Amino acid sequence: MNANGNLVELDHLTKRFQVKQGVFARGKAEVHAVEDVSLTVRRGETLGIVGESGCGKSTTARLMLRLLDATAGKVRFDGRDITTLSQRQLRPLRREMQMIFQDPYSSLNPRKTVGQIVGAPFVIHGQKKGKVRVQELLETVGLSPEHYNRYPHEFSGGQRQRIGVARALALNPKLIVCDEPVSALDVSIQAQILNLLRTLQKDFDLTYVFISHDLSVIRQIADRIAVMYLGRVVELGDSESIYEHPKHPYTAALLSAVPRASTGGRERIVLSGDVPSPVAPPPACVFHPRCPRFHKGHCDVEAPELRELAPRQAAACHYPLERWPMTDEEIRQAEGAERADRPHLEGTVHEA
Amino acid sequence: MEGTGVVGAQGGAFAGPTSGGAVAWRRFRRDRVAVSALLGLALIVLACFAGEPLLAAILGHGPDEPFVTAVNPVTHESVSFWTHVSTGDGRTLFVLGGDGPLGRDELLRLLAGGRVSLELALVATVLALFVGVVFGTAAGYFGGAVDAVISRLTQLFMSFPLLLLVIALGQTAAQRFANVTLHGLFQQGVLALAVVIGLFSWFYPARVTRALVVSLREQEFVEAARMVGARDRRIIRRELLPHLTGPLIAWGTLVAAGVIVLEASLSVLNFGVRLGTASWGTLLAQAWGTLLNYNPNELGGGFGAAPSALQKAAPSVALFLTVLCLALVGDGIRSALDPRSDRR
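Cut-offs and rules
Residues numbered from 1 in each chain as written. Chains lettered and ligands numbered in written order. Predicted model: local features only at pLDDT ≥ 70, side-chain atom pairs only at ≥ 80, totals over all residues. Helix = DSSP H or I, 4+ residues; strand = E, 2+ residues; numbered from the N terminus. Buried ≥ 20, exposed ≤ 12 C-beta atoms within 10 Å, placed from the backbone. Contact = placed C-beta atoms within 7 Å. Pairing = 2+ DSSP bridges. Axes fitted to C-alpha atoms, helices over the stretch in contact; angles between N-to-C directions. Nonpolar A, V, L, I, M, F, W, Y, C, P; charged D, E, K, R; others polar. Parallel < 35°, antiparallel > 145°, perpendicular 65-115°, else oblique. Left-handed = near helix turned anticlockwise from the far one by under 90°.

**Description of the overall build of chain B**
Link 1 in the chain: Helix and strand counts for chain B come out as eleven helices and four strands.
Link 2 in the chain: Considering chain B as a whole, with its 344 residues, one finds that 42% of them fall into the buried category.
Link 3 in the chain: In chain B, the proportion of contacts linking residues at least 24 apart, taken out of those at least 6 apart, comes to 69%.

Following this line, the structure appears as structure tokens:
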């Protein structure tokens, strides 16, 4: 059942939301939140999902955990197809996959004590000795067991996030999806929480899916990275490979935005234009309106598939980057200078 | 503080319970207007529920006992406040308060009337809140068709003139249940009227509950509860209802105030509590006349006394004070629950 070592498999997963237009709803528009996403998460690893706000990362995570129902595609957990299971059938599975939420202020019910919040999983699944376990969990995440009777508003953001981690750990899950768990925290606290997560992964043999918009955070914790844009995975590969030689132009733009300590080095690429609306994504390659390597007649006609371009690195691009950092010409075009609008010539070899 | 070392909790200087309710109570205590209104309310309730039976026991007569000799049949004048009156069988009794057309003890009637009005308000408010919260929670949490049906229902009823509906229902359906008194706990017709009024007072709690539930339902802690595997029923009970208890009390006082006034209006119109039973509304009707029979002197069969100024004023003052206290307490609770408001 799980011989191939994959804990989670997403197969051409698609999620579209209906948007009603006007009072009489003449023709429904759809938000293409997640489009044809195929990912695997191996046991014991940390998969990072990176992208701008609104690119579909949180939706993908929720599809993975069946908090949302997919429009198309399959989700497999531990070898088992869970795409169409009912909520009741999913309940026992909820013990094995959990989530840490982004906002430490709204993810804890302000009317419940810490003990009630962290102990809720035990009560729901009918397990006894909740209080003892809760206090052990509080110690594990670095809080004092005396905090059992306190309310969330008495804690700082970092401490609340630890409470969220304790809640996620309660039932010994195999998979924990971390939806931007450190985005709302100060940089110094971020480091503490990331350290905590790393320690827990070792101690409890956890698999993480770590979502963030911040590449510098992802770098510290992810083994493999998936880069998403407008609901699609544009690049997927080992952490090191992606940082050292990104293949997709969008990944390059993201990387260039990461602040670097050294003064020399690459210029920051500012992409021209805005992210298109997910209600009307551009045809074929969704990145082509802003892409410095756009080839007219090809990129706007044929959608690129996610292909393996280097060992353990795949990108969805017809004209992936040949070298990193990018050439000055490419940077200028990315920032909106007149594009070469290179036509696609049949038979031209584009470097892989 | 490195890595995973133990981290202490903030707010160490503040001893004492810090639950939402405790904090709100502390804030409420500091609000002098609200506290005095609460005391006033307690006083009124005490006087009506405990004071009246006590007084009746001391004086030896109830609020409904007529003293024919207390009214001069020729001059239609009644005895004044605090008088000895001799009855037919040779007893002499103190009579507190002036006399109504039938020569009864008006102070006792005022207090007994307060009891009827307050009981009615309590039953109607509890019913209204219960129905309102159930509908509002269902509409807010489940959304979709449930929400559509309940919201349309609410709007439909809210758009009708309330008084007409209550009168219509009161005259037809309530008559059938007028004899339900729960072993004498309520006067005749009071429970039926309370139910009718309650059934038309749930709209405001329903709308406010729905709005609150809709805003709470999108919070991450609800999603977290679902993530852990909680069923809808548990989410509603454990995650959402605790947020409602405080606002419920605040809305309850306002609904109660409205119900008291509504009952008084109905009784003055002669569509509420039966005139024989004392309630603040019927006392007003006795003193001022009802819609159908304006001349108050006719009410007692024509041989009663003209209502004195005290009789005319007393139920109004009682109503005014009760409603004022309820409104102030409700306001005070709302301010206490809202951490952003600051009333000095």
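**Concerning the sheet that holds strand β6 (residues 97-100) of chain A**
Residues and elements named next belong to chain A.
Link 1 in the chain: Pairing is mixed across the open sheet formed by eight strands, whose spatial order is β6-β7-β8-β3-β9-β10-β13-β12. Because the sheet does not close on itself, it has two edges, and the strands there are β6 and β12 (307-310). Mean inter-strand twist for the sheet, computed between neighbouring axes without regard to direction, equals 20 degrees.
Link 2 in the chain: Pairing analysis gives three bridges linking β12 to strand β13 (residues 313-315), with the strands arranged antiparallel. Across the sheet, the residue bridging to Glu 308 is Ala 314, located in β13.

**A short note on the interface of chain B and chain A**
Link 1 in the chain: If you look at the interface, chain B gives 27 residues, while chain A gives 33 residues.
Link 2 in the chain: Those elements that place two or more of their residues in the side of chain B that touches chain A are α8 (220-228) and α9 (232-268) of chain B.
Link 3 in the chain: Top element by residues in the side of chain B that touches chain A is α8(B). It accounts for eight residues.
Link 4 in the chain: For the side of chain B that touches chain A, a count of residues per class yields ten nonpolar, twelve polar and five charged.

**Description of the environment of Gln187(B)**
Link 1 in the chain: Structurally, the position occupied by Gln187(B) is in the loop between α5 (162-176) and α6 (190-199).
Link 2 in the chain: Placed 90 residues apart in sequence, Gln187(B) and Thr277(B) show a C-alpha to C-alpha distance of 7.2 Å.

**Quick look at the pairing of strand β8 (residues 207-212) of chain A**
Residue and element names in this part refer to chain A.
Link 1 in the chain: The element β8 is largely enclosed, with a buried count of six among its six residues.
Link 2 in the chain: Taking every second residue as pointing to the same face, both faces of β8 are buried, with Thr 207, Val 209 and Ile 211 on one and Tyr 208, Phe 210 and Ser 212 on the other.
Link 3 in the chain: Two strands pair when backbone bridges link them, and strand β7 (residues 175-179) and β8 are joined in this way by five bridges, in the parallel orientation. Note that in β8 the partner of Cys 178 across the bridge is Phe 210.

**Details of the environment of Leu275(B)**
Residue and element names in this part refer to chain B.
Link 1 in the chain: Its location among the elements puts Leu 275 in the loop between α9 and α10 (280-288).
Link 2 in the chain: The partly exposed category is assigned to Leu 275, around which 17 C-beta atoms lie within 10 Å.
Link 3 in the chain: Spatially, the C-alpha atom of Leu 275 lies 7.8 Å from that of Ala 285, the residues being ten residues apart in sequence.

**Describing unusual backbone geometry**
Where the residue is not glycine, phi is negative for most of them; where a peptide bond is considered, it is trans in most cases.
Residues and elements named next belong to chain A.
Link 1 in the chain: One non-glycine residue with positive phi stands out, namely Glu 180, at about 45 degrees.
Link 2 in the chain: Among the structural elements, Glu 180 can be located in the loop between β7 and α6 (187-204).
Link 3 in the chain: Classification of Glu 180 by C-beta neighbours within 10 Å gives buried; the count is 21.
Link 4 in the chain: You will see that Asp 205, though not glycine, has its phi angle at about 60 degrees, which is positive.
Link 5 in the chain: Here Asp 205 shows up in the loop between α6 and β8.
Link 6 in the chain: Judged by the 11 C-beta atoms lying within 10 Å of it, Asp 205 is exposed.

**Side note on the packing of α9(B) against helix α11 (residues 309-337) of chain B**
Residues and elements named next belong to chain B.
Link 1 in the chain: Running from N to C, α9 and α11 cross one another at 165 degrees; their axes reach a closest spacing of 8 Å. Judged by the inter-axis angle, α9 sits roughly antiparallel to α11. Crossing handedness for the pair α9 and α11: left-handed. Contact residues: α9 offers Gly 246, Pro 247, Ile 249, Ala 250, Thr 253, Leu 254, Ala 256, Ala 257, Ile 260, Val 261 and Ala 264, while α11 offers Leu 319, Thr 322, Val 323, Leu 326, Ala 327, Val 329, Gly 330, Ile 333, Arg 334 and Leu 337.
Link 2 in the chain: Grouping the constituent residues of the contact of α9 with α11 by class yields 16 nonpolar, four polar and one charged.

**Quick notes on the pairing of strand β3 (residues 46-50) of chain A**
All names here are of chain A.
Link 1 in the chain: Taking burial as the measure, the five residues of β3 include five buried ones, the bulk of the element.
Link 2 in the chain: With burial as the criterion, each face of β3 is covered, one bearing Thr 46, Gly 48 and Val 50 and the other bearing Leu 47 and Ile 49.
Link 3 in the chain: Both β3 and strand β9 (residues 224-229) contribute to a ladder of four bridges, which runs parallel. Looking at the pairing, Leu 47 lines up with Arg 224 of β9.

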